[in-house]
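Structure assessment
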Amino acid sequence: MTYETTCDVTGLKALAQTIKEQMGEEGILLLRGGLASGKTTFVQAFAAVLGIREPVSSPTFSILHEYENRLFHYDIYQCGTEGFVKSGLIEKLDSRGYHLIEWAMLDFEALLGRLGIAYGTLDIEEKNDQRTYKVNIHAYA
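Residues numbered from 1 in each chain as written. Predicted model: local features only at pLDDT ≥ 70, side-chain atom pairs only at ≥ 80, totals over all residues. Heavy atoms only, no water.

Another aspect to go through is the packing of helix 1 (residues 12-23) against helix 2 (residues 39-49). Following both chains from N to C, one finds helix 1 and helix 2 inclined at 70 degrees, their axes separated by 8 Å at the closest point. Relative to helix 2, the element helix 1 lies roughly perpendicular. As helix 1 packs across helix 2, the resulting crossing turns out to be right-handed. Contacts between helix 1 and helix 2 involve Leu 12, Lys 13, Leu 15, Ala 16, Gln 17, Ile 19, Lys 20 and Met 23 on the former and, on the latter, Thr 41, Phe 42, Ala 45, Phe 46, Ala 48 and Val 49. Looking at the contact of helix 1 with helix 2 residue by residue, the class counts come to 10 nonpolar, two polar and two charged. (Axes fitted to C-alpha atoms, helices over the stretch in contact; angles between N-to-C directions. Helix = DSSP H or I, 4+ residues; strand = E, 2+ residues; numbered from the N terminus. Parallel < 35°, antiparallel > 145°, perpendicular 65-115°, else oblique. Left-handed = near helix turned anticlockwise from the far one by under 90°. Contact = heavy atoms within 4.5 Å. Nonpolar A, V, L, I, M, F, W, Y, C, P; charged D, E, K, R; others polar.)

Turning our eyes to something else, we now look at the pairing of strand 2 (residues 27-32). The buried fraction of strand 2 amounts to six of the six residues, a majority that puts the element mostly inside the structure. Judged from the five bridges that link them, strand 2 and strand 5 (residues 98-102) form a sheet pairing that is parallel. The residue bridging Leu 29 from the neighbouring strand is Leu 100, located in strand 5. In this structure, strand 2 lies alongside strand 6 (residues 119-127), joined through four bridges in parallel fashion. Across the sheet, residue Leu 29 finds its bridge partner in strand 6, namely Gly 120. (Buried < 20%, exposed > 50% of the residue type's maximum accessible area, 1.4 Å probe, protein only. Pairing = 2+ DSSP bridges.)

Of note, Thr 132 is situated in strand 7 (residues 130-140). Given a relative accessible area of 1%, Thr 132 falls into the buried group. A polar contact is formed between the side chain of Thr 132 and the side chain of Thr 6, at a distance of 3.2 Å. The residues contacting Thr 132, other than those within four sequence positions of it, are Glu 4, Thr 5, Thr 6, Asp 123, Ile 124, Glu 125 and Lys 127. (Polar contact = N/O pair within 3.5 Å; in protein donor to acceptor, adjacent residues only side chain to side chain.)

Taken together, the buried positions of helix 4 (residues 106-115) are occupied by Phe 108, Glu 109, Leu 111 and Leu 112. Seen end-on, helix 4 carries its buried residues on one side only, within an arc spanning 155 degrees. In helix 4, the exposed residues that point more than 90 degrees away from the buried face are Leu 106 and Arg 114. Looking one or two residues past helix 4, Gly 116 carries a phi angle of roughly 70 degrees, positive in sign. (Arc of directions from axis to C-beta.)

Here's what the structure looks like:
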């Protein structure tokens, strides 16, 4: 399923709810966009949809933040795909729950494809106070 939508931060929770429903009970979503495009803000909205009350912040230097053993928030900007694999975190993707991965670029997608791991993508483009979200759910395996 592929579609595009535009909203500001007030509409983000509704988008997160829609994406969660489309993903089902678990899944991997690659979040892509420029610096300060709203990747972590989307993860915060997704956590709210899951009923997670714990504050959600970017795992830029720790690579992974886990929330209630059902939301796994990765930021691989610093380590890249190679560092992610070397860290052993690739095995974490087997955990049940939602895995939202910031900065997962084409080489990361290629890795998931070689491993036969299904995933979706969320591409974020900035447009003034709004963002355009290009969503592709369960299109890859």
